[in-house]
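# Observations on chain architecture
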Amino acid sequence: MATDASRPQAARTHPDPWNAATSGRTVLAAVLMIFGGAMAFFEGIAAVASDDLFVVTRHYLFEFSLTGWGWVHLILGVALVAAGCAVLFSGALWARYFGITVAGLGAFANFLWLPYYPLWALVLIAVNILVVWALCTGAHHEADMT
């Protein structure tokens, strides 16, 4: 039975995160970005198409136009889906940074969306925060794998 003990092994002192293998955390983040982006896209369509669907709370600190928020969610949804696809298929470092930025903006937008649809907004805030966590910790984990 042959072993690999006799072959010299190259020491990897500096792992390259640009071409690191994709870990489960990064795949989870990419799938959650695609899911969260689709949900934000549908949220935006619902806000633009029908203003009667959402109940607006009076005297809330953040009062914005529902149609304007619909367009914000449409754009963020498309950006999240694009970032999720980029992370899933390429795993590049720029895609991770773009995903972290867009997921952070999505969490902030859904925080401001709380008076219109609280449960939906809380779920999407949690999804976006999980995406940011997974993308931030996944890169270090993947760099150790190479």
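Within each chain, residues carry numbers counting from 1 in the order of the written sequence. Where totals are concerned, whole chains, interfaces and linings use all residues; where local detail is concerned, this predicted model gives features only for residues with pLDDT of at least 70, and gives and counts side-chain atom pairs only at 80 or more. By convention in this description, side-chain values take in all heavy atoms of the structure and omit both hydrogens and water.

Per an unreviewed UniProt entry, the recorded name for the chain is DUF7144 domain-containing protein, and the organism is Streptomyces erythrochromogenes.

Moving on to the packing of helix H2 (residues 66–89) against helix H3 (residues 93–112). Following both chains from N to C, one finds H2 and H3 inclined at 150 degrees, their axes separated by 9 Å at the closest point. By the criterion of interaxial angle, the relationship of H2 to H3 is roughly antiparallel. Handedness of the H2/H3 crossing: left-handed. Where H2 approaches H3, its residues Trp69, His73, Leu76, Ala79, Leu80, Ala83, Ala86 and Val87 are matched on the opposing element by Trp94, Ala95, Arg96, Phe98, Gly99, Val102, Ala103, Leu105, Gly106, Ala109, Asn110 and Leu112. Looking at the contact of H2 with H3 residue by residue, the classes come out as 15 nonpolar, 4 polar and 1 charged. Lines fitted to C-alpha atoms define the axes, with helix axes restricted to the stretch in contact, and inter-axis angles between N-to-C directions lie between 0 and 180 degrees. What counts as a helix is a DSSP run of H or I of at least four residues, what counts as a strand is a run of E of at least two, and both are numbered from the N terminus. Here the word oblique covers every angle except those under 35 degrees (roughly parallel), over 145 (roughly antiparallel) and from 65 to 115 (roughly perpendicular). Note: crossing handedness is left-handed where the near helix turns anticlockwise from the far helix by less than a right angle, and right-handed where it turns clockwise. Contacts were defined at the residue level, with two residues in contact if any of their heavy atoms lie within 4.5 Å. Charged means Asp, Glu, Lys or Arg here, nonpolar means Ala, Val, Leu, Ile, Met, Phe, Trp, Tyr, Cys or Pro, and polar covers whatever is left, Gly included.

Time to look at the UniProt feature "transmembrane region" (unreviewed entry) in the chain. UniProt's entry tags residues 27–49, 69–89, 94–113 and 119–136 with the feature "transmembrane region" (unreviewed entry), counted in the numbering of this structure. As annotated, residues 69–89 has a helix share of 100% and a strand share of 0%, and its two end C-alpha atoms lie 30 Å apart. With 100% helix and 0% strand, residues 119–136 has its two end C-alpha atoms placed 26 Å apart. UniProt positions are given in the numbering used here, feature names are shortened, and annotations may be inferred rather than shown by experiment.

Here the focus is the environment of Ala40. Within the fold, Ala40 resides in helix H1 (residues 24–49). The spacing of Ala40 and Val78 is 38 residues in sequence and 8.3 Å in space, taken between C-alpha atoms. Filtering out sequence-adjacent residues up to four positions away, Ala40 remains in contact with His73, Leu74, Gly77 and Leu124.

A helix's residues, less one, multiplied by 1.5 Å, set its expected span. A rise of 1.5 Å per residue sets the reference length of H1, with its 26 residues, at 38 Å; its end C-alpha atoms lie 37 Å apart and thus fit the reference within 8%. Summary of the burial criterion: residues with accessible area below 20% of their type's maximum are buried, those above 50% are exposed, and those between are partly exposed, where the area comes from a 1.4 Å probe applied to protein chains only. Burial in H1 covers these residues: Thr26, Ala29, Ala30, Leu32, Met33, Gly36, Gly37, Ala40, Glu43, Gly44, Ala46 and Ala47.

Our next topic: the packing of H1 against H2. Look at H1 against H2: their axes get within 7 Å of each other, and the N-to-C directions meet at 160 degrees. Here H1 lies roughly antiparallel to H2, going by the angle between them. For H1 against H2, the interelement crossing comes out left-handed.

What follows deals with empty space enclosed by the protein. Grid points spaced at 1 Å and placed over the protein atoms alone form the basis of the search, with a cavity being a set where a 1.4 Å probe fits but cannot get out and a pocket an open set showing protein on both sides within 12 Å along at least five of seven lines. Lining residues have an atom within 4 Å of a point. Grid points are joined across faces, edges and corners, and a volume is the space filled by probe spheres set on the points. In this structure the tally under the stated criterion is 1 cavity of 30 Å³ or more. Computed from the structure, the largest cavity encloses a volume of approximately 30 Å³. Together, Ala40, His73, Leu76, Leu80, Gly106, Ala109 and Asn110 line the largest cavity. Of all elements in the fold, only H2 and H3 reach the threshold of two or more residues within the lining of the largest cavity. Residues belonging to the lining of the largest cavity are distributed by class as follows: 4 nonpolar, 3 polar and no charged.

One can find Asn128 in helix H4 (residues 118–145). Excluding its chain neighbours within four sequence positions, the residues that come into contact with Asn128 are Leu80, Ala103, Gly106, Ala107 and Asn110.

Note that Leu80 resides in helix H2. Taking the C-alpha atoms as reference, Leu80 lies 8.1 Å from Ala38; in sequence the two are 42 residues apart. In contact with Leu80, other than residues within four places in its own chain, are Met33, Ile34, Gly36, Gly37, Val102, Ala103 and Asn128.

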